[in-house]
Structures are given as C-alpha cells and as structure tokens.
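Here are the chains, one letter per residue:
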Amino acid sequence: MSLQVAFLLQKMVRKLDAGDIIGIRRVKITPEMNALELHDELARLGAELLQVELMDYVRGNLAPTPQDESQVTLAKKIEKQESQIDWATSAKAIDGKVRGFVYGPGTYTLLQGKKLKLHKVKPVSGITTVAPGTVTSVHEDHISVATGDGILKIYELQPESRNRMLVQDFLKGHPLKVGDMLGV
C-alpha cells in the first residue's frame, strides 16, 4: 500500500495555508521510501512547478484556484523523546518512524544502557510469544526483534559514538543472542 501527498505552489497570504493554489503535484509514498528520498522527489517536483506553473502565472496564462481552508492541517513539532523506539508498538509503526525520522532526529533504542540508532529496518507480520524488545533471531545480515505486533528485522544500525554499519559488522564486536533485550 502506498500513500499519496500533494505538493502545492501557492500565493502567500497572512493566514497559514490559505493562499490561492497556482500549481499542484502529487507524489506516491511507497512503503520503502524514507524522508530523504521523499525530499529529493519533492525538490524535483518543486523545480518543475516553478518552471511551468509559476512562469505561466507570471505571464498571465494561469489563474490561481482558491484553497479550501477546511482541509488545512498542521503538523506538530517532533520532540526528541519521540525518537526512542517503543517496542510495544507495531513493527509497521516502528518502520514508519525509522523511515520518517531519517532526516532528523533519527530513531534509537537502548542496548545495555547505550543508544543504538536504527537506520534500515523491515517489518514482518507474525505472532510472537516473547516480550516486545526481545531478540527473536540473529542472522548474518539482520537481527529480528519482537514488537507489540509483528517482528522488526534490523539491517543497519549505529552504536553510540560510532559510525553507521551493517548488522553483520555490528555482530563482530557485539555478539547478540536470542533472548537479549533491546530498549533497556
């Protein structure tokens, strides 16, 4: 399943998101897309809006469309404490947070009291009988961790004060085993 978002070029007015719309582009957000990839696609679409619709508007060939103020939504500021993984939530929700916060502030969990940033993960549906945050399997290329709903496979991570790395490199210096807990 993918979501679609609209990207608008609008006239500036004193009220928030109330200006007439000069142009619009839509972009599909796929389940694999992260915030950096979305940023790059929006930058490309923004340039296209400026080259086509803005120039048509300036030349008088395009009339703006009034915006429906009842459709305006506001996004709240992301607080730092939101970047910590809550393993009791679903694997799908954690995956969304990792992909969404890749631009900042990032996401992390704790391993033996130290921060462990998560960079590349994949949610998998399934029923677990262990507590959320429990390592359910350790493979050469990923670690599987139980969540409140499903399993989260971790492929890339970053230990505190270290560089981002693949799980296979992390495991060389941090031997994890089934039953170990993340989040503590």
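To be clear, the structure that these remarks concern was listed above.
Residues numbered from 1 in each chain as written. Predicted model: local features only at pLDDT ≥ 70, side-chain atom pairs only at ≥ 80, totals over all residues. Heavy atoms only, no water.

Asks: Would you mind going over the overall build of the protein with me for this structure?
Replies: Within the protein, the secondary structure is distributed over three helices and eight strands. Beginning at the N terminus, the succession of helices and strands in the protein can be written as β-β-α-α-β-β-β-β-β-β-α. In the protein, which comprises 184 residues, the proportion classed as buried is 33%. A separation threshold of at least 6 residues defines the contact pool for the protein, and within that pool the share at least 24 residues apart is 59%. (Helix = DSSP H or I, 4+ residues; strand = E, 2+ residues; numbered from the N terminus. Buried < 20%, exposed > 50% of the residue type's maximum accessible area, 1.4 Å probe, protein only. Contact = heavy atoms within 4.5 Å.)

Asks: Even after reading the chapter, I still don't get the environment of L49, so can you show me in this structure?
Replies: Looking at the secondary structure, you find L49 in helix α1 (residues 35-58). On the basis of relative accessible area, L49 is assigned to the buried category, the value being 2%. Residues L49 and L8 lie 41 residues apart in sequence; the distance between their C-alpha atoms is 8.4 Å. Those residues in contact with L49 that sit more than four places away from it in its chain are F7, L8, L9, G23, I24, R25 and L54.

Asks: What exactly am I supposed to notice about the layout of surface pockets here?
Replies: In this approach a probe as big as a water molecule rolls over the atoms, and the regions it shows empty are the leftover space. Within this model, the largest pocket holds a volume of roughly 580 Å³. Along the walls of the largest pocket sit 23 residues, with T30, P31, E32, D95 and R99 positioned nearest its centre. Taken together, the elements giving at least two residues each to the lining of the largest pocket come down to α1, α2 (91-100) and β4 (114-124). For the lining of the largest pocket, a count of residues per class yields nine nonpolar, five polar and nine charged. (1 Å grid on protein atoms, 1.4 Å probe; cavity = no way out; pocket = protein on both sides within 12 Å on 5 of 7 lines; lining within 4 Å. Points joined across faces, edges and corners; volume = space filled by probe spheres on them. Nonpolar A, V, L, I, M, F, W, Y, C, P; charged D, E, K, R; others polar.)

Asks: Any chance you could explain the environment of E140 here in plain terms?
Replies: Topologically, E140 is positioned in the loop between β5 (135-138) and β6 (143-146). Setting aside anything within four residues of it in sequence, one finds E140 in contact with V167, Q168 and L171.

Asks: Got a minute to help me understand α1 in this structure?
Replies: An α-helix turns once per 3.6 residues; consequently, residues spaced three or four apart project the same way. A bend of about 30° at L50 is the largest found in α1. Those residues of α1 that sit buried are A35, L38, L45, G46, L49 and E53. Those residues of α1 hidden inside the fold are in contact with β1 (3-10), β2 (21-29) and α2. The opening residue of α1, the one whose side-chain oxygen lies 2.9 Å from the backbone nitrogen of L36, is N34. Positive phi shows up at G60, right after α1, with a value of about 85°. (Bend = angle between axes of the 7 residues up to and from the residue. Polar contact = N/O pair within 3.5 Å; in protein donor to acceptor, adjacent residues only side chain to side chain.)

Asks: Even after reading the chapter, I still don't get the pairing of β5, so can you show me in this structure?
Replies: Walk down a regular strand and you will see the side chains alternate between the two sheet faces. Looking at chain direction, β5 and β6 are connected through three bridges and run antiparallel. Residue S137 lies in a different strand from β6, and its bridge partner there is S144. (Pairing = 2+ DSSP bridges.)

Asks: Got a minute to help me understand the side chain of Q67 in this structure?
Replies: Looking at the secondary structure, you find Q67 in the loop between α1 and α2. Separated by 2.9 Å, the side chain of Q67 and the backbone oxygen of G19 make a polar contact.

Asks: Just checking my understanding: could you explain α2 for this structure?
Replies: Along α2, the residues classified as buried are A91, I94, D95, V98 and R99. Axial view of α2: buried residues confined to an arc of 135°, hence all on one face. Of the surrounding secondary structure, the elements contacted by the buried residues of α2 are α1, β3 (107-111), β4 and β7 (151-159). (Arc of directions from axis to C-beta.)

Asks: Sorry if this is basic, but what is going on with the pattern of salt bridges here?
Replies: Where charged atoms from two side chains of opposite charge come close, those side chains can pair. Counting across every chain of the model gives 10 salt bridges. R99 is paired through a salt bridge with D95; the nearest N and O atoms lie 3.2 Å apart. Placement of the pair is R99 and D95 together in helix α2, with a separation of four residues, close to one helical turn. Judged by its relative accessible area of 7%, D95 is buried. E156 serves as the salt-bridge partner of R164, at 2.8 Å between the closest nitrogen and oxygen. When salt bridges that share partners are traced, they join R25, E41, R44, E48 and E53 into one network. (Salt bridge = Lys/Arg side-chain N within 4 Å of Asp/Glu carboxyl O.)

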